[in-house]
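Observations on chain architecture
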Amino acid sequence: DRAAQREAATLLQRAIARRFSNISISLRSDTEVTDDELSGHHLLLIGRPETNRVTARCAARLPVSFARGSFQARQETYAHADSSVIAAGDNPLNPRYSVVAFAGLSAESTWKCVQKLPEEDDEPPDQVLLSPAGRKPQRFRVAPASTSVAKP
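So, here is what we can say about the structure in this document. None of the values given here were measured: they were computed from a predicted structure. (Residues numbered from 1 in each chain as written. Predicted model: local features only at pLDDT ≥ 70, side-chain atom pairs only at ≥ 80, totals over all residues. Heavy atoms only, no water.)

Concerning the side chain of Thr51
Under the convention used in this document: Numbered from the N terminus, helices here are DSSP runs of H or I no shorter than four residues, and strands are runs of E no shorter than two. The buried label applies to any residue whose accessible area, calculated with a 1.4 Å probe on protein chains only, is under 20% of its type's maximum; exposed applies above 50%, and partly exposed to all values in between. Polar contact is defined as a pair of N or O atoms within 3.5 Å, subject to the rule that within protein one atom must be able to donate a hydrogen and the other to accept it, and that residues adjacent in sequence are counted only when both atoms are side-chain atoms. Contacts: residue pairs with any heavy atoms within 4.5 Å of one another.
One can find Thr51 in the loop between strand S1 (43–46) and helix H3 (53–58). By relative accessible area, which is 16% here, Thr51 ends up buried. Reaching out from Thr51, the side chain makes a polar contact with the side chain of Gln5 at a distance of 2.6 Å. Once you skip the residues sitting within four places of it in the chain, Thr51 turns out to touch Asp1, Arg2, Gln5 and Asp30.

Here's the deal with the sheet that holds strand S5 (residues 84–90)
Think of a sheet as strands paired side by side through backbone hydrogen bonds, with each pair either parallel or antiparallel. Quick reminder of the rule: By this definition, two strands are paired if DSSP reports at least two bridges between them. Where helices are involved, their axes are fitted lines through C-alpha atoms of the stretch in contact, as for all axes, and angles between N-to-C directions lie from 0 to 180°.
Read across the open sheet, the 5 strands follow the order S1-S6-S5-S7-S8; overall the sheet is mixed. On the outer flanks of this sheet lie S1 and strand S8 (138–140), each paired with one strand and no other. Between one strand axis and the next, the sheet turns through 15° on average, direction left out of account. Judged from the 3 bridges that link them, strand S7 (residues 128–131) and S8 form a sheet pairing that is antiparallel. Opposite Leu129, over in S8, you have Arg139 as the bridge partner.

What about the pairing of S7?
Covered by surrounding structure in S7 are Val128 and Leu130 together with Leu129 and Ser131, the residues of both alternating faces. What sits between the antiparallel neighbours S7 and S8 is a turn of 6 residues, in which Gly134 has the positive phi angle 75°.

Digging into the pairing of strand S3 (residues 70–73)
Judged from the 3 bridges that link them, strand S2 (residues 65–67) and S3 form a sheet pairing that is antiparallel. The residue bridging Phe66 from the neighbouring strand is Phe71, located in S3. Between S2 and the antiparallel strand that follows it, S3, lie 2 residues; Gly69 among them carries a positive phi value of about 75°. Relative to strand S4 (residues 76–78), S3 runs antiparallel, the two being bridged by 3 bridges. When the bridges of S4 are listed, Ala73 appears paired with Glu76. The antiparallel hairpin formed by S3 and S4 contains 2 residues in its connecting segment, where Arg74 sits at a positive phi of about 50°.

What to know about helix H4 (residues 107–114)
Think of an α-helix as 3.6 residues a turn; residues three or four steps apart then line up on the same face. Here is the rule: Our arc is simply the arc of the directions from the helix axis toward the C-beta atoms.
Buried within H4 are the following residues: Ser109, Thr110, Cys113 and Val114. Down the axis of H4, the buried side of the element spans an arc of 140°, and every buried residue falls inside it. Contact partners of the buried residues in H4: helix H1 (2–19), S1, S5 and strand S6 (98–104).

Remarks on the environment of Val85
Along the chain, Val85 turns up in strand S5. Owing to a relative accessible area of 1%, Val85 belongs among the buried residues under this scheme. Val85 sits 25 residues away from Thr110 along the chain, and the two C-alpha atoms are 8.5 Å apart. Each residue touching Val85, except ones within four places of it in the same chain, is listed here: Val64, Phe66, Phe71, Ala101, Phe102, Ala103, Cys113, Val128, Leu129 and Leu130.

Rendered as structure tokens:
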């Protein structure tokens, strides 16, 4: 998965530069990035928790859940190697920043999901872009968890 993730990161870096006035984001592997870097930036993570240590650290803050060889979104489990998901959540090291994980259930599906980044539009971005194997991608937002307020 490492080689596919590195190539996917490079593709994402180029796509962002094309879309946002030649801004080049820096690339770091999950083994070389520091906690200071993680807590002081928005994070674009390539790879599922099984293959990326930083994604594993951030997975609990994403609107999907991961298990070995699968992920769950909207109470449906996806386990086909060609399935992938792009999911956004809060950075657990600093909620001022966000995390976006590009995670396929195989090296190839991870590489392909980076290429499914939607074109810019006037709509607010969705939290999840789900790409089930053999089906049309689905975009959706997840409602925030309700908070209960104790009454005196």
